[in-house]
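This is what each chain is made of:
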Amino acid sequence: MDRDPRISRRVVLQLVGAGATAVGATACSRGAPEHIVPYVEQPPEVTPSVPSRYATVHTLDGYGTGVVAESHEGRPTKLEGNPRHPASLGALGPLEQASLRDLYEPSRLRALSRRGTPVAWHAFASAVSAAPPAGKETHVLLEPTSAPHLVDLVERVRRRGAVVHFDAALPRRNAYDGARRAFGKVVEPRYDLSRAAVVLALDADFLAATRTPHAWARAWASRRRVDAPGGEMSRLYVVEAALSVTGMAADERLPVQRRAVQDVAADLLSEVLALRDRRGLPARQGTSPWARVVARDLAAHPGASVVMAGDAQPPDVHVLAHALNEALGNVGSTVTYGPSPVFEAGEASHDAAALSQAIDAGRVGTLLVLGGDPVYASPRAADLARRLASIGTTAYLGARDTATARACEWTCAALHWLEAWGDALAFDGTPAIAQPLVRPLVDGRSVAQVLAWLAGMGDVASHDLVRDHWRARAPGDFDRFWRESLVSGVIATGTAATMDVAVDWTSLAAVVTRPPSAPVAFEIALLADPKVDDGRFGDNAWLQELPDPVTKLTWDNAALVSPSTAARLGIADGRVLELDVRDRKLTVPALVVPGTAEGVVALAVGYGQRVSGTPAEGIGEDAYGLRTSSATWFDEVEVRVTDETRALALSQEHSSMLDRPIVLTRTAAEYRDDPAFAKPHEEPTETLYDLRPDAPHQWGMTIDLDACTGCSACVVACMAENNVPTVGKGGVRLGRAMHWIRIDRYFSGDPRAPQALVQPMLCQHCEKAPCEYVCPVNATVHSHDGLNEMIYNRCVGTRFCSNNCPYKVRRFNFFNYNAGKAPSMALLMNPDVTVRARGVMEKCSYCVQRIREVEIVARREQRRIADGEIATACQQTCPTGAISFGDIADPSTAVSRVRRNGRLYAVLHDLGTEPRTRYLARITNPNPELHPA
């Protein structure tokens, strides 16, 4: 087995031990002990090889998501959702899970420096805490936050004369302004999609498992079971410019330019009011037939629908969405309102323009940028790097080496969220405490600690800042409150109270009667990337290599265009386009994606970072340079086709099933007429093999394609659990991606508005496995409990098994992808799973390490394994609960009950492989009025 000679046992133990805390110039003390509390159970001591689990909170732009972190001897190795937290309900998306890798990333900032020279923290504290020169002010730029202890510190800092601003690369300004226009105050909607028979998403990608609560996806999926007793399958309408995860799940999808979404929403409101109550508004002229049909469907389900608008849409679209929900009787039923958990949401402080004005006026003497990367993400016209150069003292606190870090005088290492104490509010206001899992691996500080310096509190531990805040607010016995809050991961104060609000209908007349906007020749639509988000995950190889759920593009961004647009321009995948938005130019390769609206060029932000020496350097193109403060999300663009081409790393280059029975699908009406349509793809085939089980348990998996959205959370979960390596852009282009589970995506129907079908594909664990017949060294064998196993010590790399696998789910590691990695990355590995060297075949094992762990515990306790006690990594993290796993030999288990569903089928059943992984066919619920016979 190949091994990096630098990664010795001594090195690993040094990094794991307490001596691996702060390594900077002043890191000579461990500080006071800080006790963290395990999730659910408290072991008497740490038992080697037995993991402990701790509840904590991950925060993105102020919104908290509950996490349960698995720790092996003091090092976190896996993140899962906290079932008790309202935002996660046990699920977790790709971003939260992959953020674990950032903890061990060797390129992260590791200490404090001043213009590249290491310095002591007390020097930094003195510089930023000193009073600014006469006539100058101290300004602080923060990312949006809901952390209660941070809010206290912000108020303290302001009382000392500092000015605090908030800014986000992907702002929610449109949503906040829309709420203020509709209700006179900033509130946020809370959706109960489990009660919604009809859902309308106006450019709102709420199923992407990135920037919305995972609980919404779980609730939506609960209404998609067409065969649930007494249940009505919900219907999803989506209006958007570029195909999204939510768009792929839609029953009816309308592709339009982003500027036209407001016209569709206004048409819908006018038609709904005509059916219910005009509310004193004039009728809108020339509404579209599509809007009239959808309005009738919405009006037919009073109090049982949901209308939501995405952050990329202007405030008027959010006003229209609020008005539709009120007119349809949804408020108080499927939609409630509450205060935003984000501090000062929608206020003037949430706009970096005020900071720019203060700099230009010469009022800023000291500026601290605490988090984010505004120099990179701000519109190019803001020229923030030039403005920073005019300030006397500038400092940046962050985990990554960024453009903002390079532009500031002081560069400070920030602690990872798993290294510092904190707190955060969920989308509904539920508070939770974030406890660290490991002592800091770098000589850094948290945002709260820097604010404490500015507040005159000195160098205070993050633990003390959080604990002291909640001590003043805890009911009764504080020690009991503290422990219970840490154990459960949720503070038992409940959600924030709902608010009674009503739409100001007098303000809607001008919106409803506004003439439709004229389409432009080409519109640039900027997208929040589902992998690197706003760019903060640009150094994360797990996410860079994760195929985009829609395009299957890795290690890059591209200009997405429709097939008709591509034909009109005479371009194909990889042809470089020059985009010109108000004299701001960018060259980027094209990618043809069915479902993109005609005349739309969609481009993800978060790429094109140019900080030398960082992993993100040179990956993709910087779309932020095309933005202006008045056109953050879309604008008119001129497109010029160049003669240049660039190779794209696509994990899937075909999108057709070629008439093979891979993803079975029917409409709800077709299913009701023929509920046994899948039976020919499920019946046992004739065999000479004795397939009777010879073990107490027989493991199997079922995946419900009705619920699966293709969000790819399962792919990242599998990578973290099973030490799956990344291969880089070149490896992906050669077809050597190592993912043990992939999400196949197929298109059918009209390329302008295609039906998108997604299917998680992993080792099928066939009873009659074609791979087993051909292995010359018996390396792939069948276990007594039905698993198709790989014995790495036997494998000699002939790859016969891969050639013979009809599902193409076996991965050959051509190189030792773990060799040459930094020693810190060894801490990321799950010790329960072998780290493979080059030359062996890898594949899904149903997380056999989890199966054996539970078997050992059950045997020691002399009991049977309980149903649901074993959960594979993909099953556990799935936001929609699409995956079932368990003992298929026991008819009482959940997976056995699912397998009695009439939609059950085996992929490529005619081959007779008898796979243990089965699927439930996809059922869609289109509106028959939109598809006349």
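Reading guide: rules and limits
- Residues numbered from 1 in each chain as written.
- Predicted model: local features only at pLDDT ≥ 70, side-chain atom pairs only at ≥ 80, totals over all residues.
- Heavy atoms only, no water.
- Salt bridge = Lys/Arg side-chain N within 4 Å of Asp/Glu carboxyl O.
- Helix = DSSP H or I, 4+ residues; strand = E, 2+ residues; numbered from the N terminus.
- Buried < 20%, exposed > 50% of the residue type's maximum accessible area, 1.4 Å probe, protein only.
- 1 Å grid on protein atoms, 1.4 Å probe; cavity = no way out; pocket = protein on both sides within 12 Å on 5 of 7 lines; lining within 4 Å.
- Points joined across faces, edges and corners; volume = space filled by probe spheres on them.
- Nonpolar A, V, L, I, M, F, W, Y, C, P; charged D, E, K, R; others polar.
- Pairing = 2+ DSSP bridges.
- Phe/Tyr/Trp six-rings, centres within 6.5 Å; stacked < 30°, edge-to-face > 60°.
- Lys NZ or Arg CZ within 6 Å of the ring centre and 35° of its normal.
- Axes fitted to C-alpha atoms, helices over the stretch in contact; angles between N-to-C directions.
- Parallel < 35°, antiparallel > 145°, perpendicular 65-115°, else oblique.
- Left-handed = near helix turned anticlockwise from the far one by under 90°.
- Contact = heavy atoms within 4.5 Å.
- Core = buried A, V, L, I, M, F, W, Y, C linked by side-chain atoms within 4.5 Å.
- pLDDT = per-residue confidence, 0-100.
- Disulfide = S-S within 2.5 Å.
- Polar contact = N/O pair within 3.5 Å; in protein donor to acceptor, adjacent residues only side chain to side chain.
- Expected span 1.5 Å × (residues − 1).

Visitor: Before we go on, may I ask you to explain the pattern of salt bridges in this structure?
Guide: Two side chains carrying opposite charge are able to pair once their charged atoms lie near each other. All told, the structure shown has 60 salt bridges when counted by the stated rule. A salt bridge links glutamate 347 to arginine 180; the nearest nitrogen and oxygen atoms lie 3.9 Å apart. Of this pair, glutamate 347 sits in the loop between strand S13 (335–338) and helix H11 (352–360) while arginine 180 sits in helix H5 (residues 173–183); the two residues are 167 residues apart in sequence, bridging distant segments of the chain. Overall, the relative accessible area of 41% leaves glutamate 347 in the partly exposed class. In this structure, the salt-bridge partner of aspartate 360 is arginine 387, at a minimum N-O distance of 2.8 Å. Of this pair, aspartate 360 sits in helix H11 while arginine 387 sits in helix H13 (residues 384–389); the two residues are 27 residues apart in sequence, bridging distant segments of the chain. When its relative accessible area of 47% is taken as the criterion, aspartate 360 is described as partly exposed. Because the salt bridges share partners, they merge into one network encompassing Asp61, Glu143, Arg211, Asp533, Asp534 and Arg536.

Visitor: Would you mind going over empty space enclosed by the protein with me for this structure?
Guide: It is a probe the size of a water molecule, rolled over the atoms, that shows where empty space is left. All chains considered together, the criterion is met by nine cavities of 30 Å³ or more. Counted as a void, the second largest cavity has a volume near 130 Å³. Along its surface, the second largest cavity is lined by 13 residues, and Trp542, Val724, Lys821, Leu828 and Met829 are the ones closest to its centre. Here the lining of the second largest cavity is composed, by residue class, of eight nonpolar, three polar and two charged.

Visitor: Just to check I follow, could you spell out the pairing of strand S19 (residues 523–527) for this structure?
Guide: Regular strands show a simple pattern: their side chains alternate between the two faces of the sheet. Burial within S19 is extensive, with five of its five residues counted as buried. A two-sided burial pattern is seen for S19, the buried positions comprising Glu523, Ala525 and Leu527 on one face and Ile524 and Leu526 on the other.

Visitor: What's the story with the sheet that holds strand S36 (residues 883–887) in this structure? I'm lost.
Guide: By definition, the strands of a sheet pair up through backbone hydrogen bonds, in either a parallel or an antiparallel sense. Strands sit in the order S36-S29-S38-S37 across an open sheet of four strands; the sheet is mixed. In this open sheet, the two edge strands, each paired with only one partner strand, are S36 and strand S37 (904–905). Pairing analysis gives five bridges linking strand S29 (residues 699–704) to S36, with the strands arranged antiparallel. What sits directly across from threonine 702, in S36, is serine 884.

Visitor: What exactly am I supposed to notice about the packing of aromatic side chains here?
Guide: Describing an aromatic ring pair means giving the distance of the ring centres and the angle of the ring planes. Tallying each qualifying case throughout the model produces 20 aromatic pairs. Centre to centre, the rings of phenylalanine 478 and phenylalanine 481 are 6.2 Å apart; their planes meet at 35°, and the pair counts as tilted. Of the two residues, phenylalanine 478 and phenylalanine 481 both sit in helix H17 (residues 478–488), three residues apart, roughly one turn of that helix. The same class applies to phenylalanine 478 and to phenylalanine 481, which are both buried. Here a set of aromatic residues connected by ring pairs shows up, and it is made of Trp421, Trp470, Phe478, Phe481 and Trp482. In this arrangement the basic side chain of arginine 445 is found over the ring face of tryptophan 121, its NZ or CZ atom lying 4.6 Å from the centre. In this arrangement the basic side chain of arginine 736 is found over the ring face of phenylalanine 814, its NZ or CZ atom lying 3.8 Å from the centre.

Visitor: What should I look at first to understand the packing of helix H8 (residues 261–275) against helix H10 (residues 315–327) in this one?
Guide: Viewed as axis vectors pointing N to C, H8 and H10 meet at an angle of 25°, and their least axial separation amounts to 10 Å. Taken together, H8 and H10 sit at an angle that is classed as roughly parallel. Crossing hand, H8 versus H10: left-handed. Contacts between H8 and H10 involve Val261, Gln262, Ala265, Ala266, Leu268, Leu269, Val272 and Leu273 from the first element and Asp316, Val317, Leu320, Ala323, Leu324 and Ala327 from the second. Its residues assigned to classes, the contact of H8 with H10 comprises twelve nonpolar, one polar and one charged.

Visitor: Would you mind showing me how to read the packing of helix H2 (residues 94–104) against helix H22 (residues 713–722) here?
Guide: A pair of packed helices is captured by two measures, namely the crossing angle of their axes and the spacing between those axes. Between H2 and H22, the shortest axis-to-axis distance is 8 Å and the interhelical angle comes to 25°. Put simply, H2 runs roughly parallel to H22. Like other packed secondary-structure pairs, H2 and H22 cross with a definite hand, here left-handed. In this structure, H2 uses Pro94, Gln97 and Ala98 to contact H22, whose residues at the interface are Ala713, Val716 and Ala717. Here the contact of H2 with H22 is built from residues that sort into five nonpolar, one polar and no charged.

Visitor: What should I look at first to understand the nonpolar core in this one?
Guide: In a soluble, globular protein the nonpolar side chains are often hidden away together inside. Residues Leu193, Phe206 and Leu508 are the most contacted members of the largest nonpolar core, which totals 194 residues. For this core, the element with the most residues is H8, which contributes eight residues. Discounting chain neighbours no more than four positions away, the residues touching leucine 193 are Val199, Phe206, Trp216, Ala219, Trp220, Arg223, Val306 and Met308. Counting 33 residues, the second-largest nonpolar core is a separate cluster that includes Leu153, Ala162, Trp410 and Leu465.

Visitor: Please explain the confidence of the model for the protein as it appears in this structure.
Guide: In low-pLDDT regions, the fine details of the predicted coordinates are not to be read closely. Chain-level pLDDT for the protein is 89 on average; 94% of the residues reach the 70-or-more range. Confidence drops under a pLDDT of 50 for residues 1–6, and excluding neighbours within four residues, the segment shows 13 contacts in the predicted structure. Between residues 11–29, whose pLDDT stays under 50, and residues either more than four places distant or in other chains, the model counts 35 contacts.

Visitor: How should the state of the cysteines be read in this particular structure?
Guide: Enumeration over the complete set of coordinates arrives at zero disulfides. Just so you know, cysteine 408 is unpaired, no disulfide at all, and the nearest cysteine sulfur is the one on cysteine 412, 8.9 Å from it. The thiol of cysteine 805 is unpaired, and the distance to the nearest cysteine sulfur, on cysteine 771, comes to 6.6 Å. Using a relative accessible area of 7% as the deciding quantity, one classes cysteine 805 as buried.

Visitor: Help me out: how do you make sense of the sheet that holds strand S11 (residues 252–255) in this one?
Guide: Here four strands make up an open sheet; going across it, the order is S11-S10-S9-S12 and the pairing parallel. Lying at the two open borders of the sheet, with one neighbouring strand each, are S11 and strand S12 (305–309). Across this sheet, the average inter-strand angle for adjacent strands is 10°, counted without regard to direction. The pairing of strand S9 (residues 198–202) with S12 spans five bridges and is classified as parallel. The residue of S12 that forms the bridge with alanine 201 is methionine 308. Running at roughly 170° to S12, H10 makes contact with S9 and S12 of the sheet.

Visitor: Hey, could you run me through helix H9 (residues 289–299) in this one?
Guide: Note that an α-helix has 3.6 residues per turn; residues three or four places apart therefore point the same way. Extensive coverage of H9 is indicated by the burial of eight of its eleven residues. Of all the residues in H9, the buried ones are Trp290, Ala291, Val293, Val294, Ala295, Asp297, Leu298 and Ala299.

Visitor: Any chance you could explain the side chain of aspartate 401 here in plain terms?
Guide: Along the chain, the position of aspartate 401 falls in the loop between strand S15 (393–398) and helix H14 (403–407). With relative accessibility at 17%, the residue aspartate 401 sits in the buried group. At 2.8 Å, the side chain of aspartate 401 forms a polar contact with the side chain of arginine 406. Sequence-distant contacts of aspartate 401, defined by excluding residues within four places in its chain, comprise Leu109, Arg406, Val611 and Thr614.

Visitor: Sorry, what's going on with helix H4 (residues 148–159) here?
Guide: The terminal C-alpha atoms of H4, which comprises twelve residues, lie 17 Å apart, in line with the 16 Å expected from a rise of 1.5 Å per residue. For H4, the set of buried residues is Pro148, His149, Leu150, Val151, Leu153, Val154 and Val157. Those residues of H4 hidden inside the fold are in contact with strand S6 (137–142), strand S7 (163–166), strand S17 (422–425), helix H15 (447–454) and helix H16 (462–471). The first or second residue beyond H4 is glycine 161, which carries a positive phi of 100°.

Visitor: Can you help me understand unusual backbone geometry in this one?
Guide: Leaving glycine out, the prevailing phi sign among residues is negative, and the prevailing peptide bond configuration is trans. The phi dihedral of glutamate 73 falls on the positive side, at around 50°, and the residue is not glycine. Positioned with a positive phi, arginine 115 is a non-glycine residue whose angle comes to about 50°. By secondary structure assignment, the location of arginine 115 is in the loop between strand S4 (113–114) and strand S5 (117–118).

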